[in-house]
Amino acid sequence: MRYRYLLTGIFSGMIMMGYAQEEQKDERPATIDSIDVVRDYRPILADAVKIRRSPDMTNKRQYQPKLTYHILDRKLDINTGTKQLTIQEMPFTRTQALTNNYVKVGAGNLGSILGEVYLSSDYYVDTRLGGYVKHLSQQGSYEEQKFSSQQVGVFGRTILGPITLDGEIGYNRYGTRFYGLVGDIDGTNLNLNPAKQAFNDIYFTGELTSNYDEQATDALSYSLKADAYSYSNAYETKESAFALSGYVNKQLNVFNVGANISGDFTSVKDASYDLGNHIARINPYIRFQGSNYNITLGANFVSEFGDSSRTNIFPSAEIDFALIPQYAHLFGGINGDVNKTSVKELTKENPWLGALGGTNYIRNSVDRMQIFGGIKGNAGATFGYKVKAFYRRIEGMPFYAVAPDRPYEFGLLYEDGENASTIIGLEGELNVRVSEVVTIGGRLNFNEFDLQREEEAWYMPKMRLAANARFNISDKLYIDGELLFQGQTYGLVRDANIDLSEYSITELGGTGARKTTIPSFADLSAGAEYRVTDQIGVYLRMNNMLGTHYERYLFYPRLGLNVIGGVNFSF
């Protein structure tokens, strides 16, 4: 009975569900609809994200196994296709042996005898020792026109860690005669017995310098130098000097702070003359250094003491700017200084200086101000140049003048005046390596003098040119040449009795003094050397090839055509 009621309920429910579905039937006409199939969302990652996450850099292996290898040492039994290597012979080349020692001898016309010996040792890598001996004697065509020079020196250099020591000690001698060709207006020779003259120079120089350290950005550099000499002539003129100089420089980033310090102590004596001429200098500065510029600012304190004393303070400033790095640098500056007048330097320029005393005395000149500027640069190792213009205001400039009582000697006179004299000049230098065969170079100077007292800058040319050239014809033959050209100069003769008929003269007032014109000249020299072997060579040298008759100082003609030839030996 229970099951009958259960079945009756189930069938009744099914009938009701069928009726419901039938009542909800859609009566709209059938249409074609699009169906969108939507899948689960899956994000697409960029390639950069994939690279970052794969591999996973945070996944570290906790354990790294230790691997062991067993190598089997077995002989390769297969030898087919193998043979003994053939050694290729290199072409024969001769290595040039470097030599440290050199001997040169020669002779020529005008009684020329030449000899030179250079010896050097580089047994130690950081030490160099050596010495040299030189001799040259000549005799011109005029009476007692003789010259001779001898030089002996020993030098050394060593590197001791952070410092370098180098020095030299030696002896120089130069001999000549007062052979001046001078006479009076009556034709009488005023120099019948030309006297001998000789200069002896014993010298020493030594220097201690700090070595450059490219790793140090705040380096301290320094130097200390000592110079001494004893100089005398064939009579009673003597000059002794001792000088100490040094500098210290500290680099602080782009700044350099330092000072140059020096002391020069000189004593000059003659039969009737005695002078103490001492100079002390200190030049503090600060330098600003950049990649393309250099600016230096400072001052120069100079004190003269001895028989007379005075103190001067001069400006000291320089600038260097790279307009085109390496190729063109603009530079300029302003400075001043005291120029020491020494017997040694005067007689090297004019060996016929008379005895000191009276109006012939030693006096220093002063550069009150010097302003300069120009351009310089180079193009590698084949081309270099420099052009400089300057303006100088100078006091006490020394000149030479013929001595009134001994016209074959020269005395000193100085440019004096209430205001300083001025010099405006232009200098040019050029060095060109045209090729491995040809190298030329030269230096040109122009000077314009505005003096306060003297009529002319006696014996000082307004134009001077020095040029040189070298030609490497082959590995064995070398040719070189030199040209010296000097514009006309002027000499002062204060004695009216001296014959100047061979010169162009101008009378100066009514005192009998005359301005004498010394013509310009050109001196051309050339030489050639041929290497017979690596050790032996022969050479030929010709001086004053044009045979020019010229004078640098009044009444003293220079040597004519001079030819010297000989051999040299290196070992």
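Here the residue index of a chain counts from 1 through its sequence in written order. Selection of residues for local features in this predicted model requires a pLDDT of at least 70, selection of side-chain atom pairs for listing and counting requires 80 or more, and totals for whole chains, interfaces and linings are taken over all residues. Side-chain metrics rest on all non-hydrogen atoms present in the structure, leaving aside hydrogens and water.

Focus on the overall build of the protein
For step 1, the next point in the chain: Runs of H or I in DSSP of at least four residues are treated as helices and runs of E of at least two as strands, each being numbered from the N terminus. Along its length, the protein carries three helices and 29 strands.
For step 2, the next point in the chain: Across the 571 residues of the protein, 32% fall into the buried class. Buried, partly exposed and exposed residues are distinguished by accessible area as a fraction of the type maximum, computed with a 1.4 Å probe on protein chains only: under 20%, between the cut-offs, and over 50%, respectively.

Section: the pairing of strand E7 (residues 220–233)
Look at any regular strand and the pattern is simple: side chains alternate between the two faces of the sheet.
For step 1, the next point in the chain: As judged from the 11 bridges shared by strand E6 (residues 196–210) and E7, these two strands associate in the antiparallel manner. Within E7, the residue paired with Thr205 across the bridge is Asp227.
For step 2, the next point in the chain: Looking at chain direction, E7 and strand E8 (residues 238–252) are connected through 13 bridges and run antiparallel. Its bridge partner lying in E8, Leu224 is registered against Gly246.
For step 3, the next point in the chain: Once E7 ends, the chain turns through four residues before running back antiparallel as E8. Between any two strands, at least two bridges found by DSSP are needed for them to pair.

Examining the nonpolar core
For step 1, the next point in the chain: With 52 residues, the main nonpolar core has Tyr459 and Phe555 as its most contacted residues.
For step 2, the next point in the chain: Only heavy atoms matter for contacts: two residues are in contact if any of them lie within 4.5 Å across the pair. Each residue touching Phe555, except ones within four places of it in the same chain, is listed here: Gly180, Leu181, Val182, Val402, Pro407, Ile498, Leu500 and Tyr503.
For step 3, the next point in the chain: Residues Ile279, Val302, Val338 and Val366 belong to the second largest nonpolar core, which totals five residues. Throughout this description, the term nonpolar core refers to a set of buried Ala, Val, Leu, Ile, Met, Phe, Trp, Tyr and Cys residues connected via side-chain atoms within 4.5 Å.

Examining the pattern of salt bridges
For step 1, the next point in the chain: Salt bridges are identified by distance alone: a Lys or Arg side-chain nitrogen within 4 Å of an Asp or Glu carboxyl oxygen. What the rule picks out here adds up to 22 salt bridges.
For step 2, the next point in the chain: The partner of Asp320 in a salt bridge is Lys376, with the nearest N and O atoms 3.4 Å apart. In this pair, Asp320 is assigned in strand E12 (residues 310–324) and Lys376 in strand E14 (residues 365–378), connecting sequence segments 56 residues apart.
For step 3, the next point in the chain: In this structure, Asp416 engages Arg453 in a salt bridge whose closest nitrogen and oxygen atoms are separated by 3.4 Å. With Asp416 in the loop between strand E17 (410–414) and strand E18 (421–433) and Arg453 in the loop between strand E19 (438–450) and strand E20 (463–472), the pair connects residues that are 37 residues apart, well separated along the chain.
For step 4, the next point in the chain: Assessed through its relative accessible area of 55%, Arg453 is described here as exposed.
For step 5, the next point in the chain: By sharing partners, the salt bridges in this structure join Glu144, Lys146 and Arg177 into a single network.

Concerning the environment of Tyr102
For step 1, the next point in the chain: Its location among the elements puts Tyr102 in strand E1 (residues 102–108).
For step 2, the next point in the chain: The class for Tyr102 is partly exposed, based on a relative accessible area of 25%.
For step 3, the next point in the chain: Residues Tyr102 and Phe571, 469 residues apart in the sequence, show an inter-C-alpha distance of 6.4 Å.
For step 4, the next point in the chain: Apart from the residues within four sequence positions on either side, Tyr102 is in contact with Glu116, Val117, Tyr118, Asn568, Phe569, Ser570 and Phe571.

Quick notes on the confidence of the model for the protein
In low-pLDDT segments, the atomic positions of the prediction should not be examined closely.
For step 1, the next point in the chain: Of all residues in the protein, 84% have pLDDT values of 70 or greater, and the mean over the chain is 88.
For step 2, the next point in the chain: Scored from 0 to 100, pLDDT reflects the predictor's confidence in each residue. Of all the helices and strands in the protein, helix H1 (residues 2–23) carries the lowest mean pLDDT, 51, while strand E28 (residues 556–557) carries the highest, 98.
For step 3, the next point in the chain: In this model, residues 19–32 is a region of pLDDT below 50 whose contacts with residues beyond four sequence positions or in other chains number zero contacts.

With respect to the side chain of Ser316
For step 1, the next point in the chain: One can find Ser316 in strand E12.
For step 2, the next point in the chain: The class for Ser316 is buried, based on a relative accessible area of 18%.
For step 3, the next point in the chain: Among all residues touching Ser316, those that are not within four sequence positions of it are Asn283, Thr296, Leu297, Gly298, Ala299, Asn300, Ile334 and Asn335.

Some words on the sheet that holds strand E22 (residues 489–493)
For step 1, the next point in the chain: Strand order in the open sheet formed by three strands is E22-E24-E23, and the pairing between neighbours is antiparallel. At either end of the open sheet lies a strand with only one pairing partner, and these are E22 and strand E23 (504–508). If you compare each strand with its neighbour and ignore which way they point, the axes differ by 25° on average.
For step 2, the next point in the chain: Here E23 pairs with strand E24 (residues 513–518) via five bridges, running antiparallel. Between N-to-C directions, angles cover 0 to 180 degrees, with each direction set by a line fitted to C-alpha atoms, over the stretch in contact for helices.

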